[in-house]
Amino acid sequence: DGGITQSPKYLFRKEGQNVTLSCEQNLNHDAMYWYRQDPGQGLRLIYYSQIVNDFQKGDIAEGYSVSREKKESFPLTVTSAQKNPTAFYLCASSNPGRAGANVLTFGAGSRLTVL
Amino acid sequence: GDSVTQMEGPVTLSEEAFLTINCTYTATGYPSLFWYVQYPGEGLQLLLKATKADDKGSNKGFEATYRKETTSFHLEKGSVQVSDSAVYFCALGEPGNTGKLIFGQGTTLQVKP
């Protein structure tokens, strides 16, 4: 079945460590996104990529980095520069068509806790 | 900039009650509008969408009508079930072809038997 796979589902990190969250999709979607979810704040966009080898910052990119070397993969690194990294991270993908008519498919999420 | 505002939760209802979750938006142009649902511990799933004014999106008994004059996209269901307990997000499609969505803060629905 086509879908988005995020791993790991749960991750614990010590302060000062970088961690990488994996996101893989087999939907043949061009665009991929990373959102951060905090209680009561909805989803905020971290980074997005519309095509391989290209990506753009979202609203809260500081302290994060991404790469898009393959169409199927869009890993997110949470660096030690991210001041408050404990959150639920959601990866999504889509094939943007008519402006604003985009439907995102989401993965199941990765919960990161900083100890 | 564009934004989405949802009614604050949690919303607690008894089974078979009528549900309304309010959503209003601010946007330039005429964005597409979406409702996503998130069950505990999971990612988001598309519930319904509407791409132009007066469109009605519907799925699984849920409905929402794109009201340009009131800039609203309220979610309704005539008779909720315990299995509808989840967090509901209203979202709009950002203008242009980035595919980005702008989400509201989410509304938690709890349905009691």
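This one's a predicted model, so the numbers in the text were calculated from it and none came from an experiment. (Residues numbered from 1 in each chain as written. Chains lettered and ligands numbered in written order. Predicted model: local features only at pLDDT ≥ 70, side-chain atom pairs only at ≥ 80, totals over all residues. Heavy atoms only, no water.)

Colleague: Any chance you could explain the overall build of chain B here in plain terms?
Modeller: Of regular secondary structure, chain B possesses zero helices and twelve strands. Moving toward the C terminus, one meets the helices and strands of chain B in the order β-β-β-β-β-β-β-β-β-β-β-β. Rg of the C-alpha trace for chain B: 14 Å, near the compact-globule value of 13 Å for 113 residues, within the 12% margin. With respect to the three principal axes, the spread of C-alpha positions in chain B is 45 × 30 × 20 Å. Within the structure as shown, chain B displays about 5,200 Å² of accessible surface, and the carbon and sulfur contribution to it stands at 48%. Separation between the mean location of the 9 positive side-chain charges and that of the 12 negative ones in chain B comes to 4 Å. (Helix = DSSP H or I, 4+ residues; strand = E, 2+ residues; numbered from the N terminus. Rg over C-alpha atoms; globule rule 2.2 N^0.38 Å. Areas by Shrake-Rupley, 256 points an atom, 1.4 Å probe, with all protein chains shown as cover. Lys, Arg positive; Asp, Glu negative; His and termini not counted. Charge placed at Lys NZ, Arg CZ, Asp CG, Glu CD.)

Colleague: What is the right way to read the packing of aromatic side chains from this model?
Modeller: Counted under the stated rule, the structure contains twelve aromatic pairs over all chains. The interplanar angle of 45 degrees and the centroid separation of 6.1 Å between the aromatic rings of A:Tyr35 and A:Phe106 together place this pair among those described as tilted. Here A:Tyr35 is found in strand β4 (residues 31-37), whereas its partner A:Phe106 is found in strand β10 (residues 105-106), with 71 residues between them in sequence. You can call A:Tyr35 buried: its relative accessible area is 1%. On the numbers, 6.3 Å between centres and 90 degrees between planes, the contact of B:Phe89 with B:Phe103 is edge-to-face. Pair noted here: B:Phe89 is in strand β10 (residues 86-93) and B:Phe103 is in strand β11 (residues 101-103), with a separation of 14 residues, a long-range link. (Phe/Tyr/Trp six-rings, centres within 6.5 Å; stacked < 30°, edge-to-face > 60°. Buried < 20%, exposed > 50% of the residue type's maximum accessible area, 1.4 Å probe, protein only.)

Colleague: What should I look at first to understand the side chain of B:Asp55 in this one?
Modeller: Tracing the backbone through its elements, the reader meets B:Asp55 in the loop between β6 (44-50) and β7 (56-59). Ignoring anything within four residues of it in the chain, the contact list for B:Asp55 reads B:Ala50, B:Ala64, B:Thr65 and B:Tyr66. (Contact = heavy atoms within 4.5 Å.)

Colleague: How do you make sense of the pairing of strand β4 (residues 23-26) of chain B when you look at a structure like this?
Modeller: If a strand is regular, its side chains alternate between the two faces of the sheet. All names here are of chain B. Here β4 shows one buried face, formed by Cys23 and Tyr25, and one open face, formed by Thr24 and Thr26. Two strands pair when backbone bridges link them, and strand β1 (residues 3-6) and β4 are joined in this way by four bridges, in the antiparallel orientation. Directly across from Gln6, in β4, lies its bridge partner Cys23. (Pairing = 2+ DSSP bridges.)

Colleague: Help me understand the sheet that holds β7(B) in this model?
Modeller: Backbone-to-backbone hydrogen bonds join strands into a sheet, with any given pair of strands oriented parallel or antiparallel. Residue and element names in this part refer to chain B. Taken together, four strands build an open sheet; the order of strands is β3-β9-β8-β7 and the sheet is antiparallel. The two strands at the open ends of the sheet, each matched to only one other strand, are β3 (19-21) and β7. Across the sheet, the mean angle from the axis of one strand to that of its neighbour is 15 degrees, orientation sign disregarded. (Axes fitted to C-alpha atoms, helices over the stretch in contact; angles between N-to-C directions.)

Colleague: Teacher, can you tell me more about the state of the cysteines here?
Modeller: Residues and elements named next belong to chain A. What the rule picks out here adds up to two disulfides over all chains. In this model Cys23 forms its disulfide with Cys91; the gap between the sulfur atoms is 1.9 Å. On the S-S bond that ties Cys23 to Cys91, the torsion sits near -75 degrees, and the link is left-handed. Of this pair, Cys23 sits in strand β3 (residues 19-25) while Cys91 sits in strand β9 (residues 87-94); the two residues are 68 residues apart in sequence, bridging distant segments of the chain. The buried category is assigned to Cys23, whose relative accessible area is 0%. (Disulfide = S-S within 2.5 Å.)

The analysis is restricted to geometry; functional conclusions fall outside its scope.
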